Amino acid sequence: MVDKVIIDGQEVELIADLFEPTPIQSGDNEAITRESLTFWQDARKRLLKNKGAVVGLIILFTIVLMAIFAPIFSKYDYKSQNIRNVKIPPKMPIVSSLGIMDGKDSNGVDVYAEKNIKENYLFGTDALGRDIWTRTWTGARVSLFIAVLAAIFDLLIGVAYGGISAYYGGKVDLVMQRIIEIITGIPQLVIVTLFIMVFNPGILSISLAMAVSGWTGMARVVRSHVLRLKNQEFVLASKTLGSSDFRVIFKHLFPNVIGPIVVMIMFSLPQAIFYEAFLSFIGLGLQPPQASLGVLINEGFKSLQSYPYMMFIPSIVVCSLIFALNLLADGLRDAVDPKMRNQ
């Protein structure tokens, strides 16, 4: 006898074939479809898939190489003057065929032929006959040095300060956060001016100003993440097993805050470069004949109408450097963000 049921108003016979289970496909159910990657391997893979980050990395790598090797292989010194070759327009052998940087002034006169100049000044010369090519890449060295210095201050002061403030909490956190509020309440320009009154304008005064106030943003970010993590189960378990505060902070908390720390460092680099260029432009940074991108932009601004290349070339370099670091920072932020993993 065959059983029958009514489904959607229709009578359906129940036969044995309807109750046969689906065949089990052995071997595929437990197969790992994705390779096992560590956190940083996955971050690197995601970073290289980001086209903007790759472009920024290429630009940054090129500028770093030029800053290191261009002044070394140049036959001109960044502060050597040649009064005979004053305000010579730039001339590049390959680019000159396009009608730009061909050694001609604003009136179309070939200055190299008129003054019988045999060598080529790739970026031209300034009002004192100094080679802008060498001065530009020497100034890029200063910008990169300031950026690295900002990263060191963020790591040594900001990370430690924010981590200690959040981990111990209570009165310690209260006092340390009030100190940060006092520091951030003083404009950096005022701090730089105070140091200039004691020291001469230059890298020393900028470095001291960054050491006083440049790390506060990093400290606040680290504090917020440590506050979120310090009551997690793995931290409480480590404390229960008798781990010291030093081990809990550096073994369990900081490794879980590495991602935000790296992202904050990457965003602090272009800020430090712009900060140095701005201070040098207004006369509070490096002073001539020292070379920095801000000093070159300031000198070129004085001759902008007649010799625009003197300002545009260092401006393009500093903008490219800041643009590349921002692109790389954006890509790195997406690469280390756990929320972006499944996208």
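The structure under discussion appears in the preceding block.
Residues numbered from 1 in each chain as written. Predicted model: local features only at pLDDT ≥ 70, side-chain atom pairs only at ≥ 80, totals over all residues. Heavy atoms only, no water.

(A) Spatial organisation of the overall build of the protein. In terms of regular secondary structure, the protein is built from 13 helices and two strands. Taken over 343 residues, the protein has a buried fraction of 40%. For the protein, contacts bridging at least 24 residues in sequence account for 71% of all contacts bridging at least 6. (Helix = DSSP H or I, 4+ residues; strand = E, 2+ residues; numbered from the N terminus. Buried < 20%, exposed > 50% of the residue type's maximum accessible area, 1.4 Å probe, protein only. Contact = heavy atoms within 4.5 Å.)

(B) Examining helix α6 (residues 188-198) more closely. Every buried residue of α6 is listed here: Ile191, Val192, Phe195 and Ile196. Down the axis of α6, the buried side of the element spans an arc of 140 degrees, and every buried residue falls inside it. Here the buried face of α6 lies against α7 (203-213) and α11 (258-281). (Arc of directions from axis to C-beta.)

(C) Fine view of the packing of helix α5 (residues 170-184) against helix α8 (residues 216-229). In the contact formed by α5 and α8, the axes pass within 10 Å of each other and the chain directions differ by 150 degrees. In terms of orientation, α5 and α8 fall into the roughly antiparallel class. α5 and α8 meet at a crossing whose hand is left-handed. On α8, the residues touching Asp173, Gln177, Ile180, Glu181, Ile183 and Thr184 of α5 are Thr216, Ala219, Arg220 and Arg223. When grouped by side-chain class, the residues that make up the contact of α5 with α8 number three nonpolar, three polar and four charged. (Axes fitted to C-alpha atoms, helices over the stretch in contact; angles between N-to-C directions. Parallel < 35°, antiparallel > 145°, perpendicular 65-115°, else oblique. Left-handed = near helix turned anticlockwise from the far one by under 90°. Nonpolar A, V, L, I, M, F, W, Y, C, P; charged D, E, K, R; others polar.)

So yeah, pure geometry; function would need other evidence.
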